[in-house]
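Fold and contact review
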Amino acid sequence: MNDFKKYYLFSPSLRIAHWVWAIAISMLFITGIYIGNPFFIGNVGYSATFGDLHAITMNYIRLIHFSFGYILLAALILRFSILPFRKADRLIIPKIWTKEYYDNIVDTLKNYLFISSHHRPYIRNPLARTAYFFLFLLLIFEIITGFAMYGRSNPGGFWDKIFGFIIPMLGGEYQVHRWHHIIAWFIVLFVVIHVYMVIRQDILEKDGEVSSMVNGSKFFETTPSDISDI
Ligand code: HEM
Ligand code: HEM
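These figures come from a predicted structure and were not determined experimentally.

Side note on the site of ligand 1
Close to ligand 1 lie 22 residues; Ala22, Ile25, Arg124, Ala128 and Met213 are nearest. When residues of the shell around ligand 1 are traced back to their parent elements, those giving at least two are helix 1 (12–36), helix 5 (126–151), helix 8 (173–205) and helix 9 (209–215). Element by element, the count of residues in the shell around ligand 1 is highest for helix 1, at six residues. Residues of the shell around ligand 1, tallied by class, amount to 15 nonpolar, four polar and three charged.

Here you go:
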């Protein structure tokens, strides 16, 4: 048995936020796709006697979508509010101003493209950091466009005042719907690749990657190259 050293990385708040947004995004995508194309129209067309068997209405699906919209917003506020306190919680910042960032990108890419059999050990590799950074931008975009559309049902109200500006900026409500829909697919693309990469990393490097988002720790035999970041 080789000697693995344990590195504690993710605070409980970060882990809670991660699983909350994982659930929220899954629900938002499923309900959002239904909103965009309501292939099932609830109890419309059924007699009153059988209407209750078809109670999943658009109204209900939209309520679920908006509720998880608030939950996603809460998870992101939690995630960003812990940034100042622990260095390891700032691993979502890609250090594009350093030479190591580009060296490490090349090192990781070589491994992902099957040119080298291993990459150097990282507490979080630069490609992952960059992907998370852009994912957060996409999520913020979904929140702004989502709450802007939501605000339209109460013109002059809270959300309309805060995010209403985005509607004319994107060229009207139809375009806001379109962009909200397109970005939803990019988020799902991230999720599919993310889950694959996390499991792949766990199997190939045996660093306890998957469980790190549960217990907060990863395991390395040799000191990770980006150790100064924690
Ligand atoms: C909707 C689904 C998901 C989304 C949007 C998502 C998003 C993210 C994000 C943004 C991070 C960076 C965390 C941070 O520093 O704040 C992350 C890390 C991580 N996620 Fe997920 N995740 C999802 C599902 C999953 C699933 C299903 C697993 C388990 C198989 C998983 C395992 C992990 C692990 C182990 C990390 C840490 C990896 C590292 O250090 O690079 N995630 N995820
Ligand atoms: C990851 C996050 C999200 C995803 C994947 C997502 C997905 C979607 C999708 C696919 C649609 C259908 C768009 C169309 O074709 O017209 C939609 C509609 C909508 N979403 Fe989201 N959404 C997200 C976050 C949010 C948030 C945070 C809110 C804020 C409340 C929100 C509010 C809305 C509203 C108001 C609509 C239009 C509903 C309607 O026209 O009846 N979404 N969403």
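Right, picking up where we left off after that structure.
Topic: the nonpolar core
Ranked by internal contacts, the top residues of the largest apolar core, which has 16 residues, are Trp21, Ala24, Ile25, Leu28, Leu72, Ala75 and Ile123. Contributing elements (two or more residues each) for this core: helix 1 and helix 3 (58–81). It is helix 1 that contributes the most residues to this core, six residues altogether. The residues touching Ala75, leaving out its near neighbours within four places in the chain, are Ala17, Val20, Trp21 and Ala24.

Some points on the packing of helix 1 against helix 8
One can describe the packing of helix 1 onto helix 8 by two numbers: an axis separation of 11 Å at closest approach and a directional angle of 145°. Both helix 1 and helix 8 take part in a crossing whose hand is left-handed. Touching Ile25, Phe29, Gly32 and Gly36 of helix 1 are His181, Ala184, Ile187, Val188 and Val191, all from helix 8.

The rules behind these values
- Residues numbered from 1 in each chain as written.
- Chains lettered and ligands numbered in written order.
- Predicted model: local features only at pLDDT ≥ 70, side-chain atom pairs only at ≥ 80, totals over all residues.
- Near = placed C-beta within 6 Å.
- Helix = DSSP H or I, 4+ residues; strand = E, 2+ residues; numbered from the N terminus.
- Nonpolar A, V, L, I, M, F, W, Y, C, P; charged D, E, K, R; others polar.
- Core = buried A, V, L, I, M, F, W, Y, C linked by C-beta atoms within 7 Å.
- Buried ≥ 20, exposed ≤ 12 C-beta atoms within 10 Å, placed from the backbone.
- Contact = placed C-beta atoms within 7 Å.
- Axes fitted to C-alpha atoms, helices over the stretch in contact; angles between N-to-C directions.
- Left-handed = near helix turned anticlockwise from the far one by under 90°.

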